[in-house]
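# Structural features, examined
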Amino acid sequence: MSIEQKRRLVTDLPGPRSQELMARKTAAVPDGVGTTMPVFAARAGGGIVVDVDGNHLIDLGSGIAVTTVGASSPRVQDALTKQIEDFTHTCFMVTPYDGYVTVAEKLNQLTPGDHDKRTVLFNSGAEAVENAVKIARAHTKRDAVVVFDHAYHGRTNLTMAMTAKNKPYKHGFGPFAPEVYRTAGSYPYRDGDLDGAAAAARAIDQIEKQIGAENLAALVIEPIQGEGGFIEPAIGFLPALAAWCRATGVVFVADEVQTGFARTGDLFACERESVVPDLIVTAKGIAGGLPLSAVTGRAEIMQAPHVGGLGGTYGGNPLSCAAAIAAMETIEADGLVQRAREIEGLILERLSRLRDQDDRIADVRGRGAMIAAELVRPGSDEPDPRLARDVARLAHQDGVVVLTCGTYGNVLRFLPPLTISDDLLHDAFDVLAAAFRETR
Ligand code: PMP
């Protein structure tokens, strides 16, 4: 059933049914699992989430960058229906099936670089990041892993160690995995005039002095940092790090969990500067909402773990694989890389206009359908997380699903599905403009 692509509120938010469900959630689910909005979803598709009270909300979150092809993509639905009729699970490690191999072939072909590759599938982004580290350690026979300020790589024990921000991700959950080191990255808005090459030289100097390349298995980096604040490094930063890794035998791992699959206006964000990672980690947008993640990389590195060393009961589940094949087909057939670039043009234009009138919007950045506005106290670069929270809350009340992020919590981020219409985007940014006026 198609969903009318219009914002429409028929109750105050949250409506009565959402309130009932929230009371049940509070009684049944630990408070540790927070929700951005106190509104329960009933259906979603295009650029709309319909809640259980019949309110139509504009989706600028895509379930945190997952439903790139929409939350009810016809190809994904058809592929899932067919796969459900055939079988739901056998376990790839017991009796394997075509879908897994097809997803691996597609990722080997689509990810940057034309070298010989292999792909292994998992369930979540964090699980794939952990496995990329396992593979890099098996290949290099070294232990250390380097990550960056503002990084986010997940919430499992190893990936908590790799994630930068204490609250809410790490606080009280230690001790964390050893041999994870953090260095400075590139944050153009807060780095003064440090260019990409200089930022890379600073990082490399720290790594060489404090860890030693000969001890380092992997450098793991998000080509555009996601949860940390949609931080796009200065030009030249990523290529310089990749070149240093190549020269020192360190495995360069691109965490494209959030940036992958057309999100940034390229199929993968690394492509913008022609960076070819040794290993690339993908998840989120890969499978139209089904849980799936992957590590793809150079055959000689991927082959390092012994037989039986990689896997998991559900990794590359047949339903997730069917959805991924359909999602990848949809990205190509519907020209979604190009659509992400159009969305970038529209959002940047709307945000730049807002910024010109409002000195609390300090930086507008990002690429494709992954755009952010960093908010500060006027006349300073002091982060203003309360403003981000207030603007988001007002937008939520008016039926726009918008997320915040950033180490300082002061970034509004925009991650619409690539199936959203221009009309919905304009309506959402009218709501945001009003929220900025109201918080003056
Ligand atoms: N890496 C990055 C860059 C992410 O953005 C995320 C999720 N926000 C993860 C890893 C972890 O993915 P998951 O939540 O699927 O474990």
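Conventions adopted
Residues numbered from 1 in each chain as written. Predicted model: local features only at pLDDT ≥ 70, side-chain atom pairs only at ≥ 80, totals over all residues. Heavy atoms only, no water. Pairing = 2+ DSSP bridges. Helix = DSSP H or I, 4+ residues; strand = E, 2+ residues; numbered from the N terminus. Axes fitted to C-alpha atoms, helices over the stretch in contact; angles between N-to-C directions. Contact = heavy atoms within 4.5 Å. Salt bridge = Lys/Arg side-chain N within 4 Å of Asp/Glu carboxyl O. Buried < 20%, exposed > 50% of the residue type's maximum accessible area, 1.4 Å probe, protein only. Domains from an automatic or database assignment. Buried area = accessible area lost by both parts, 1.4 Å probe.

## Some points on the sheet that holds strand β7 (residues 216-221)
Strand order across the open sheet formed by seven strands is β4-β10-β9-β8-β7-β5-β6, with mixed pairing between neighbours. In the strand order of this sheet, the two ends are held by β4 (117-122) and β6 (180-183), each with one partner. Taking the axes of each pair of neighbouring strands and ignoring which way they run, one obtains an average angle of 20° across the sheet. Contacts from helix α4 (residues 98-110) reach β4, β9 (279-282) and β10 (293-298), with the element oriented near 130° to β4.

## Topic: the pattern of salt bridges
The full count for this structure, using the stated rule, is 25 salt bridges. E232 is the salt-bridge partner of R367, the closest N and O atoms lying 2.9 Å from each other. Here E232 lies in the loop between β7 and α8 (237-248) and R367 lies in strand β11 (residues 361-367), a separation of 135 residues in the sequence. Since its relative accessible area comes to 10%, R367 is described here as buried. Across the pair D422 and R339 runs a salt bridge, and its minimum N-O distance is 2.7 Å. Within this pair, whereas D422 is found in helix α13 (residues 422-438), its partner R339 is found in helix α11 (residues 336-357), the two being separated by 83 residues in sequence. Since its relative accessible area comes to 36%, D422 is described here as partly exposed. A single network of salt bridges, built from pairs that share partners, joins R190, D363, R365 and E374.

## A look at the domain arrangement of the protein chain
When the domains of the protein chain are assigned, the result is domain 1 (16-59 + 335-438) and domain 2 (75-333). A straight line from the C-alpha centre of domain 1 to that of domain 2 covers 26 Å. Of the residues lining the interface, 33 residues belong to domain 1; the matching set on domain 2 comes to 28 residues. Counting the surface lost from both domain 1 and domain 2, the interface buries some 2,500 Å², and carbon and sulfur atoms represent 52% of this. Three residues, R367, M370 and T407, lead the burial of domain 1 against domain 2; their summed loss comes to 32% of the area buried on that side. At the surface where domain 1 touches domain 2, the tally comes to four salt bridges.

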